[in-house]
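# Commentary on secondary and tertiary structure
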Amino acid sequence: DWPSSYTKCRFHQTVVSGNLSVDGSAIVCEAPDHPPGFYAVEVTQNSLDYTLNGVQFAFYDTPKVTNIYPPLGSTLGGTMVTVYGENWVDTSFVVCKFGEINPTTATFLSSTAVRCPAPALVAGSVALEVSISWQGQEPHRPHDFTGSEVLYTVYAPPVLS
């Protein structure tokens, strides 16, 4: 086995430690903070000889939710909610998360708006968060989402008698 201390990733000019995946098919690295843009990422297993594939990695400013419309919907779900904010990027995977329910696929509208269908929820209020990801990779860590102070209110639909 090759010592893992030699496994590295280079994002543009920044080098970070890497780990070989369990099955040995990939090198896994956490991307460092970096100015927005597309930059080459290369890997090495000997700390000297890096790949020269020119694979591009996208860095972007952290998206932020600032407002939603409408701010409420039925427990039945299906309300189309426009989420306003900053730094939205048109990627292949944009999702909205209403509270702790599984994310729903969003539609990118602009760098300041995305639209999401609300899922069926119990009555009350939930935080509405957004995640953007590249190449269809599903968000899997809590910090993949925006975090949000913006609440979506869920009400039971009226019953006519």
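Here is a short report on the structure shown in this document.

Cut-offs applied
Residues numbered from 1 in each chain as written. Predicted model: local features only at pLDDT ≥ 70, side-chain atom pairs only at ≥ 80, totals over all residues. Heavy atoms only, no water. Salt bridge = Lys/Arg side-chain N within 4 Å of Asp/Glu carboxyl O. Helix = DSSP H or I, 4+ residues; strand = E, 2+ residues; numbered from the N terminus. Buried < 20%, exposed > 50% of the residue type's maximum accessible area, 1.4 Å probe, protein only. Pairing = 2+ DSSP bridges. Axes fitted to C-alpha atoms, helices over the stretch in contact; angles between N-to-C directions. Phe/Tyr/Trp six-rings, centres within 6.5 Å; stacked < 30°, edge-to-face > 60°. Lys NZ or Arg CZ within 6 Å of the ring centre and 35° of its normal.

### Examining the pattern of salt bridges
For the structure on display, the rule yields one salt bridge. Where Glu129 meets Lys97, a salt bridge forms, and the shortest distance between an N and an O atom there is 3.9 Å. Here Glu129, found in strand E13 (residues 124-133), pairs with Lys97, found in strand E9 (residues 93-98); they are 32 residues apart in sequence, far enough to count as distant. Using a relative accessible area of 13% as the deciding quantity, one classes Glu129 as buried.

### Here we look at the sheet that holds strand E8 (residues 80-86)
The strands that make up a sheet pair up through hydrogen bonds in the backbone, lying either parallel or antiparallel. If you trace the four strands from one edge of the open sheet to the other, you get E6-E8-E12-E11, paired in antiparallel fashion. Single-partner strands in this sheet number two, and they are strand E6 (64-69) and strand E11 (107-110). Shown here is a sheet whose adjacent strand axes are inclined to one another by a mean of 30 degrees, direction ignored. Sheet topology places E11 next to strand E12 (residues 113-117); three bridges connect them, and they run antiparallel. Counterpart to Ser110 in the pairing with E12 is Ala113.

### Comments concerning the packing of aromatic side chains
By convention here, two paired aromatic rings are described through the distance between centres and the angle between planes. Under the definition given, this model contains five aromatic pairs. A centroid spacing of 6.0 Å and a plane angle of 75 degrees characterise the contact between Phe11 and Phe59, whose relative ring orientation is edge-to-face. Taken as a pair, Phe11 in strand E1 (residues 8-11) and Phe59 in strand E5 (residues 56-59) lie far apart in primary sequence, 48 residues in all. Side by side, Phe11 and Phe59 carry an identical accessibility label, which is buried. Ring centres of Tyr39 and Phe59 lie 6.0 Å apart, and the angle between their planes is 65 degrees; on these two criteria the pair is classed as edge-to-face. Within this pair, whereas Tyr39 is found in strand E4 (residues 37-44), its partner Phe59 is found in strand E5, the two being separated by 20 residues in sequence. The residues Tyr39 and Phe59 share a single accessibility class, namely buried. Connected via pairs of aromatic rings, a cluster forms that spans Phe11, Tyr39, Phe57 and Phe59. The ring of Tyr50 is capped by Arg10, whose NZ or CZ atom sits 4.1 Å from the centre of that ring.

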